[in-house]
Amino acid sequence: MPGAIVIGASSGIGAALARCLSEQGYRVGLAARRVDLLEQVRAQLPNPAFSQAIDISQPERAMAALRELAAAVGDVELYVISSGVGFINPQLEWSEEQRTIEVNVLGFAAMVNAAVQMLEARGSGHLVGISSVAALRGGRAAPAYNASKAFVSNYLEGIRQRCHRRGVPITVTDIQPGFVATAMAQSPQLFWMATAEQAAEQIFAAIRGRKRHAYVTRRWRLVAWLLRGLPAAWYQRM
Ligand SMILES: NC(=O)c1ccc[n+]([C@@H]2O[C@H](COP(=O)([O-])OP(=O)(O)OC[C@H]3O[C@@H](n4cnc5c(N)ncnc54)[C@H](OP(=O)(O)O)[C@@H]3O)[C@@H](O)[C@H]2O)c1
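First, a word on what this report is: a plain description of the structure on this page. Remember, it's a predicted structure, so these values are computed and weren't measured experimentally.

About the criteria used
- Residues numbered from 1 in each chain as written.
- Predicted model: local features only at pLDDT ≥ 70, side-chain atom pairs only at ≥ 80, totals over all residues.
- Helix = DSSP H or I, 4+ residues; strand = E, 2+ residues; numbered from the N terminus.
- Rg over C-alpha atoms; globule rule 2.2 N^0.38 Å.
- Buried ≥ 20, exposed ≤ 12 C-beta atoms within 10 Å, placed from the backbone.
- Pairing = 2+ DSSP bridges.
- Right-handed = clockwise from strand over helix to strand, strands pointing away.
- Axes fitted to C-alpha atoms, helices over the stretch in contact; angles between N-to-C directions.
- Parallel < 35°, antiparallel > 145°, perpendicular 65-115°, else oblique.
- Left-handed = near helix turned anticlockwise from the far one by under 90°.
- Contact = placed C-beta atoms within 7 Å.
- Nonpolar A, V, L, I, M, F, W, Y, C, P; charged D, E, K, R; others polar.
- Near = placed C-beta within 6 Å.

**Quick notes on the overall build of the protein chain**
Argument step 1. Across its full length, the protein chain carries eight helices and seven strands.
Argument step 2. Relative to the 2.2 N^0.38 estimate, which gives 18 Å for 238 residues, the radius of gyration of the protein chain is 17 Å and therefore close to what a compact globule would have.
Argument step 3. Projected onto its principal axes, the C-alpha positions of the protein chain cover 50 × 40 × 35 Å.

Right, dumping it as structure tokens:
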């Protein structure tokens, strides 16, 4: 039975993906801060599963905790980093910008770092990061969020190049969701909303296909194409 760890498995996309992986026959390790929710997810899984409290905004402690969880799961071939926060922040409150950077940038990079070290020691494996279509452009409503997701996608690309150059067969998958109906997606203006389960299914398809990149759901590639093509002056007026 292959081993997998999902960081950010207490709710939303991460919880749905943990369920999907367990149903597909993985031994799953679940990590996040809310251990009560992790236990609820764990109790629903059909295969052996482990949980660990991890606050990724505390990098040193989080990296040690991830290594502990990996030892408990045993021979982990797949790491998924779904943890993230986002705030609509029109007033540009520094506390919200800072929190976004602490979790989505600092925490994300720390989890990638620890996971890659373990995969390299193992000799192969798969790393998946949950970025966002928001990575493609700056965003006035949540500047730190869009910028943090650009960091996520860019960092994953660098790690992919590194693994390739070192000749270690580690697949690196960048998932860019559009809107997914979770606690994070609360605005009434949202469209093309997927359920967390639909998102998990498509993420699993990208994992199985060893894709470098996937939009979730797939039709978000159209929005991505538009976002990339819009001149900055136009985009600013929208
Ligand atoms: N929903 C969308 O429309 C959408 C669109 C594009 C991208 N995404 C991305 O998808 C990912 C999952 O979000 P979601 O939509 O599933 O929202 P969610 O239900 O709010 O899930 C967020 C997850 O991140 C974890 N997390 C937050 N802060 C953490 C910390 N300091 N340490 C460890 N874990 C932490 C949460 O666990 P605890 O609170 O228990 O720690 C939770 O498991 C995020 O990276 C988000 O940016 C979401």
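We are not done yet, so read on.
**Remarks on the pairing of strand β2 (residues 27-32)**
Argument step 1. Among the six residues that make up β2, six are buried, leaving the element largely enclosed by the rest of the structure.
Argument step 2. Going residue by residue along β2, you find Arg27, Gly29 and Ala31 tucked away on one face and Val28, Leu30 and Ala32 tucked away on the opposite face as well.
Argument step 3. Two elements, strand β1 (residues 3-7) and β2, share five bridges in a ladder whose sense is parallel. The partner of isoleucine 7 across the bridge, within β2, is alanine 31.
Argument step 4. In terms of handedness, the path from β1 via helix α1 (residues 12-23) over to β2 forms a crossover that is right-handed.

**Points about the packing of helix α4 (residues 94-122) against helix α5 (residues 143-166)**
Argument step 1. Running from N to C, α4 and α5 point in directions that differ by 15°, and their axes come no closer than 9 Å. The angle between the axes of α4 and α5 places the two elements in the roughly parallel class. For the pair α4 and α5, the crossing hand works out as right-handed. The residues of α5 that touch α4, namely those facing Glu97, Thr100, Ile101, Asn104, Val105, Phe108, Ala109, Val112 and Val116, are Ala144, Tyr145, Ser148, Lys149, Phe151, Val152, Tyr155 and Ile159.
Argument step 2. Considering only residue class, the contact of α4 with α5 consists of twelve nonpolar, three polar and two charged.

**Quick notes on the site of the ligand**
Argument step 1. As a matter of local geometry, the ligand sits amid 30 residues, with Gly12, Arg33, Arg34, Gly84 and Thr182 nearest to it.
Argument step 2. Of all the secondary structure elements, the ones that give two or more residues to the shell around the ligand are α1 and α4.
Argument step 3. It is α1 that contributes the most residues to the shell around the ligand, three residues altogether.
Argument step 4. For the shell around the ligand, the residue count by class is 14 nonpolar, 13 polar and three charged.

**Considering the sheet that holds strand β3 (residues 49-53)**
Argument step 1. Taken together, seven strands build an open sheet; the order of strands is β3-β2-β1-β4-β5-β6-β7 and the sheet is parallel. The open sheet terminates on both sides in strands that have one partner only, identified here as β3 and β7 (213-216). Between one strand axis and the next, the sheet turns through 15° on average, direction left out of account.
Argument step 2. Packing of helix α2 (residues 35-44) onto the sheet brings it into contact with β2 and β3, and relative to β3 it is tilted by some 175°.
Argument step 3. Sheet strands touched by α4: β1, β4 (76-81), β5 (125-130) and β6 (170-177). Its angle to β5, the strand with the most contacts, is close to 170°.

This is a description of form; function is not addressed.
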